[in-house]
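Each chain, letter by letter, is given below.
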Amino acid sequence: MPPAVRPPYGPLPVLLALLLVLAGAGPAGAVERPVVELSTSQAGTGGSVTVSGSGWRPRALLTLLVCGQAEPERGVTGGTNSCANADGRAVTTDAEGRFRRELPVVEPPVPCPCVVHVATVTGAGAEADAALQVAGHAVEPLPADAAGGRLSLLADTRLRGSGGLLTWFGSPPARTLVVTLGNVGTSPVRDPVFQVGTSHGVFAPEWQEQRWRGTIRPGGKARVELPVELAAGAHGDYTVTLKYGGKVLAEHPWGVGRPWGVTLFWVLVLLVVPAALFRAALAVVDRVHPRSPGHAARPARRMRLPAARGSAAPPWFAPEGDRSEARRP
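Owing to the predicted nature of the structure, the values given are computational and were not obtained by experimental measurement.

Observations concerning the overall build of the chain
In step 1: Counting its secondary structure elements, the chain contains 5 helices and 20 strands.
In step 2: Within the chain, buried positions represent 31% of all 329 residues.
In step 3: A separation of at least 24 residues holds for 68% of the contacts in the chain among residues at least 6 apart in sequence.
In step 4: For the chain, the exposed area adds up to about 22000 Å²; of that, 59% sits on carbon and sulfur atoms.

Structure, rendered in C-alpha cells:
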C-alpha cells in the first residue's frame, strides 16, 4: 500500500492562528507609560505653553508645574519646593487618558535646567516631565553626585515603633521608616535628601524633605532610617511613600488605630460635668432660700368634743377637781 500523502496546507491554519495570538499578545501586554509633550521647548516669562499628554489614567486629576533644577531623566531633584507652585494649573484627563492645557511660563524659585512637571493628585501615583527652557532665567548645572549616583531599593520596607498611652489619647502617631538602599550608579551619593510622604485614602501625599547623613559608595548599600509623624488625632489607613530624585523608591501601608482615650474623655466630661453643675445649683438654692424652723412638723392638737349647754359634763371628761366632787354623795 502506498504511504498516505499529507495535504500540503495542513499546518498552515495552525501557523496563522499562532501568529495571530502572538501579534495580539504584544499590544495587550504592553504597559503605556504617561507621556508629556510641549508646544514649544523654549518660552519667556509672561508667555504660555500648551501642555498635552497621553497614557494617563482616565478621569485622573493632574497638576502642571514649572520646576527648576530638574531633567526628564532624573525628575525634580529638589521636590516641589523647586517649582512655581502658585502659578501651577490643574487638568482632568478624558476617558482615554489624554489632556491638553495652557500653562503660564514663570520663573521657578531655583535655577534651570527646567521642566514642566505633571503628576497625579489622587489615586495611584504617576508623573512625567518635559524639558522647558525659560528664557532669561539663570541656569546652573545639577550636582555631580546626583548625576552619577542612583539609589535603588534592595529590601522590603518596614515601619518600626508602636503607639503608646499618649497616642491613645490623641498624641501624634510616630514611626521610623526603615529601608535598605543600594547605589547602582557610578559615583558616591553623599548626604542624600529624601522626600517622605504620607497619604490618607485617595488624597495626594504630603511631602517632607529629610536629609540622611552618610555616604553610599557605588555598588554599596546602606540601611536608611527616617522618622515619620502624622497629625494629632490621626487614624485610619495611611500610606508612607519614599521618594528620591523625583522617583518613588518604596511605599508601605500604615494602619493607625482610633484614639479611644479621647472618646472616653468626652464621655466622662458629658457625665461628670452635668452632675457637678446640678449639685452646685442645689447648693446655691439652699444658700439663697434656707429652710425655716416653722417648716418642721407641728404636734397634733387634741380633739375636744363639744358639750351640750345646761347638761353636766360626764365625770370622765371633767377635770381632776370636778371628778372628786362628782364622786361625793
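Details of the UniProt feature "transmembrane region" (unreviewed entry) in the chain
In step 1: Sequence positions flagged by UniProt for "transmembrane region" (unreviewed entry) are, in local numbering, residues 264-285.
In step 2: Taken as a whole, residues 264-285 contains 100% helix and 0% strand, while its terminal C-alpha atoms sit 32 Å from one another.

Thoughts on the sheet that holds strand 4 (residues 61-67)
In step 1: Spatially, the 5 strands line up as an open sheet ordered 2-10-9-4-7, and their pairing is mixed. Edge positions in the open sheet fall to strand 2 (42-44) and strand 7 (89-92), since each of these has one partner strand only. Shown here is a sheet whose adjacent strand axes are inclined to one another by a mean of 35°, direction ignored.
In step 2: Pairing analysis gives 4 bridges linking strand 4 to strand 7, with the strands arranged antiparallel. What sits directly across from Leu 64, in strand 7, is Arg 89.

Digging into the state of the cysteines
In step 1: The full count for this structure, using the stated rule, is 2 disulfides.
In step 2: Residue pairing for Cys 67: its cysteine sulfur links by disulfide to Cys 83, the two sulfurs lying 1.9 Å apart. Taking the sign of the S-S torsion, about 100° here, the bridge from Cys 67 to Cys 83 comes out right-handed. In this pair, Cys 67 is assigned in strand 4 and Cys 83 in the loop between strand 6 (75-76) and strand 7, connecting sequence segments 16 residues apart.
In step 3: Overall, Cys 67 belongs to the buried group, its relative accessible area being 0%.
In step 4: Residue Cys 83 is classed as buried on the basis of its relative accessible area of 4%.
In step 5: Covalent S-S linkage joins Cys 112 and Cys 114, the inter-sulfur distance amounting to 1.8 Å. One disulfide, between Cys 112 and Cys 114, carries an S-S torsion of -90° and so falls in the left-handed class.

A look at the nonpolar core
In step 1: One finds Phe 194, Leu 242 and Trp 254 to be the most contacted residues of the largest nonpolar core, which totals 23 residues.
In step 2: Residue assignment for this core shows that the elements contributing at least two residues are strand 13 (174-183), strand 15 (193-200), strand 18 (221-229), strand 19 (236-244) and strand 20 (247-256).
In step 3: Residues contacting Trp 254, with those up to four places away along its chain left out, are Leu 159, Pro 173, Ala 174, Arg 175, Val 228, Leu 230, Gly 236, Asp 237, Tyr 238 and Val 240.
In step 4: Counting 21 residues, the second-largest nonpolar core is a separate cluster that includes Ala 60, Leu 62, Leu 64 and Val 134.

Observations concerning the layout of surface pockets
In step 1: Here the largest pocket defines a volume of roughly 1100 Å³.
In step 2: Every element with two or more residues in the lining of the largest pocket is listed here: strand 1 (35-38), strand 4, strand 6, strand 9 (114-120), strand 10 (127-135), strand 15, strand 19 and strand 20.
In step 3: If one sorts the elements of the lining of the largest pocket by residue count, strand 19 sits on top with 5 residues.
In step 4: A per-class count over the lining of the largest pocket returns 20 nonpolar, 15 polar and 8 charged.
In step 5: Summarising the domain contributions, the lining of the largest pocket has at least three residues from each of domain 1 (35-135) and domain 2 (151-256).

Brief notes about the sheet that holds strand 19
In step 1: Spatially, the 4 strands line up as an open sheet ordered 16-15-19-20, and their pairing is antiparallel. Looking at strand neighbours, the two that pair on one side only are strand 16 (206-211) and strand 20, the edges of this open sheet. Each strand of the sheet is rotated relative to its neighbour by a mean of 25°, with strand direction disregarded.
In step 2: When strand 15 meets strand 16, the two strands line up antiparallel, connected through 6 bridges. Counted as the bridge partner of Val 193 is Arg 211 from strand 16.

What counts and what doesn't
- Residues numbered from 1 in each chain as written.
- Predicted model: local features only at pLDDT ≥ 70, side-chain atom pairs only at ≥ 80, totals over all residues.
- Heavy atoms only, no water.
- Helix = DSSP H or I, 4+ residues; strand = E, 2+ residues; numbered from the N terminus.
- Buried < 20%, exposed > 50% of the residue type's maximum accessible area, 1.4 Å probe, protein only.
- Contact = heavy atoms within 4.5 Å.
- Areas by Shrake-Rupley, 256 points an atom, 1.4 Å probe, with all protein chains shown as cover.
- UniProt positions renumbered as here; feature names shortened; annotations may be inferred.
- Pairing = 2+ DSSP bridges.
- Axes fitted to C-alpha atoms, helices over the stretch in contact; angles between N-to-C directions.
- Disulfide = S-S within 2.5 Å.
- Core = buried A, V, L, I, M, F, W, Y, C linked by side-chain atoms within 4.5 Å.
- 1 Å grid on protein atoms, 1.4 Å probe; cavity = no way out; pocket = protein on both sides within 12 Å on 5 of 7 lines; lining within 4 Å.
- Points joined across faces, edges and corners; volume = space filled by probe spheres on them.
- Nonpolar A, V, L, I, M, F, W, Y, C, P; charged D, E, K, R; others polar.
- Domains from an automatic or database assignment.

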